[in-house]
Amino acid sequence: MSAGQKSWIVRILAGGLAGAGYRPLFIGGFSAPPLCGALIQSCGILGAVAVTLALFFAFGAAVGVATLPFDDYGPALAARSLLHFAVTGGLVLLLGWLLELVGPSPAAVLLLLGLYTFLYLTVWLVRWLGWRAELDDLRSALDL
C-alpha cells in the first residue's frame, strides 16, 4: 500500500468516525426530529439509526478527504476534485431525500443540486486561490 493510499484511508476513517460521533439525528434515547418519522417507519428504529450513522460517517469521510485533491496538480487535481464533487453531491441528495427536502419533484432536486454546486465551487475556488498564493510565496522565497 502506497503512502498516498494510507493517507486516504486514515483521513476517511478519522473523518468518518468524527462524523459518526457528531450528534446524529437520533440523540438521547433515540428521539428524532419530526422529519425522521418516515425513515423510522420504513426502516424501524435500529435501521434508521444505522442509516443515520452511515450517512454521518460518509459525510465525515468526505470532509476528511476534502483537501486531498490539492495534493496533485493538472489532470490529477481535476479528476480528484470531480470525484469528490460527485460523491459529496450524492450524499447531499441522499440527505435531502431523507429529510424530505426533495421528493419526486425535479425542480426541488435541481434547486438542491444548484445550491450544492454553487457552494462547492465557491469553497473550491477559495481553497485553490489560497493554495496558489502559498505556492507562489514558497517559489519566491526559494527564488524559483
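Here is what the cut-offs are and how they apply
- Residues numbered from 1 in each chain as written.
- Predicted model: local features only at pLDDT ≥ 70, side-chain atom pairs only at ≥ 80, totals over all residues.
- Heavy atoms only, no water.
- Helix = DSSP H or I, 4+ residues; strand = E, 2+ residues; numbered from the N terminus.
- Buried < 20%, exposed > 50% of the residue type's maximum accessible area, 1.4 Å probe, protein only.
- Contact = heavy atoms within 4.5 Å.
- Polar contact = N/O pair within 3.5 Å; in protein donor to acceptor, adjacent residues only side chain to side chain.
- Core = buried A, V, L, I, M, F, W, Y, C linked by side-chain atoms within 4.5 Å.
- Phe/Tyr/Trp six-rings, centres within 6.5 Å; stacked < 30°, edge-to-face > 60°.
- Patch = residues over 30% accessible without salt bridge, like charges linked within 9 Å, V, L, I, M, F, W, Y side chains within 5 Å.
- Areas by Shrake-Rupley, 256 points an atom, 1.4 Å probe, with all protein chains shown as cover.
- Salt bridge = Lys/Arg side-chain N within 4 Å of Asp/Glu carboxyl O.
- Expected span 1.5 Å × (residues − 1).

By the secondary structure assignment, Ala61 is in helix α2 (residues 37-64). The class for Ala61 is buried, based on a relative accessible area of 10%. For Ala61 and Ile9, which are 52 residues apart along the polypeptide, the C-alpha to C-alpha distance reads 9.3 Å. Other than its neighbours up to four places away in sequence, Ala61 contacts Ile12, Gly15 and Gly16.

Our next topic: the side chain of His84. Secondary-structure assignment places His84 in helix α3 (residues 75-98). Engagement of the side chain of His84 in a polar contact is seen with the backbone oxygen of Ala62, the distance being 2.7 Å. Excluding residues within four positions of it along the chain, His84 makes contact with Ala62, Val65, Ala66, Tyr116 and Tyr120.

All right, on to the nonpolar core then. Counting 6 residues, the largest nonpolar core is built from Leu39, Ala48, Leu55, Ala62, Leu91 and Leu98. Counting only elements with at least two residues in this core, the list comes to α2 and α3. At 4 residues, α2 tops the list of elements feeding residues into this core.

Attention now moves to the packing of aromatic side chains. Per the counting criterion, the structure on display carries 4 aromatic pairs. For the pair Tyr116 and Tyr120, a centre-to-centre distance of 5.7 Å together with 50 degrees between the ring planes defines the contact as tilted. Of this pair, Tyr116 and Tyr120 both sit in helix α4 (residues 106-141), 4 residues apart, which is roughly one turn of the helix. Look at Tyr120 and you get buried, because its relative accessible area is 14%. Relative to Trp128, the ring of Trp124 lies with its centre 6.4 Å away and its plane at 5 degrees, an arrangement referred to as stacked. Within this pair, Trp124 and its partner Trp128 are both found in helix α4, separated by 4 residues, close to a single helical turn. An aromatic cluster is defined as three or more aromatic residues linked by ring pairs; in this entry it consists of Phe85, Tyr116 and Tyr120.

Another aspect to go through is a nonpolar patch on the surface. Taken together, the side chains of Met1, Ile9 and Leu13 present a nonpolar region at the surface, about 310 Å² in accessible area. Tracing the backbone through its elements, the reader meets Leu13 in helix α1 (residues 3-20).

Quick look at α3 now. The end-to-end C-alpha distance of α3, which contains 24 residues, comes to 34 Å, matching closely the 34 Å that a straight helix rising 1.5 Å per residue would cover. Buried residues of α3: Leu77, Ser81, His84, Thr88, Gly89, Leu91, Val92, Gly96 and Leu98, and no others.

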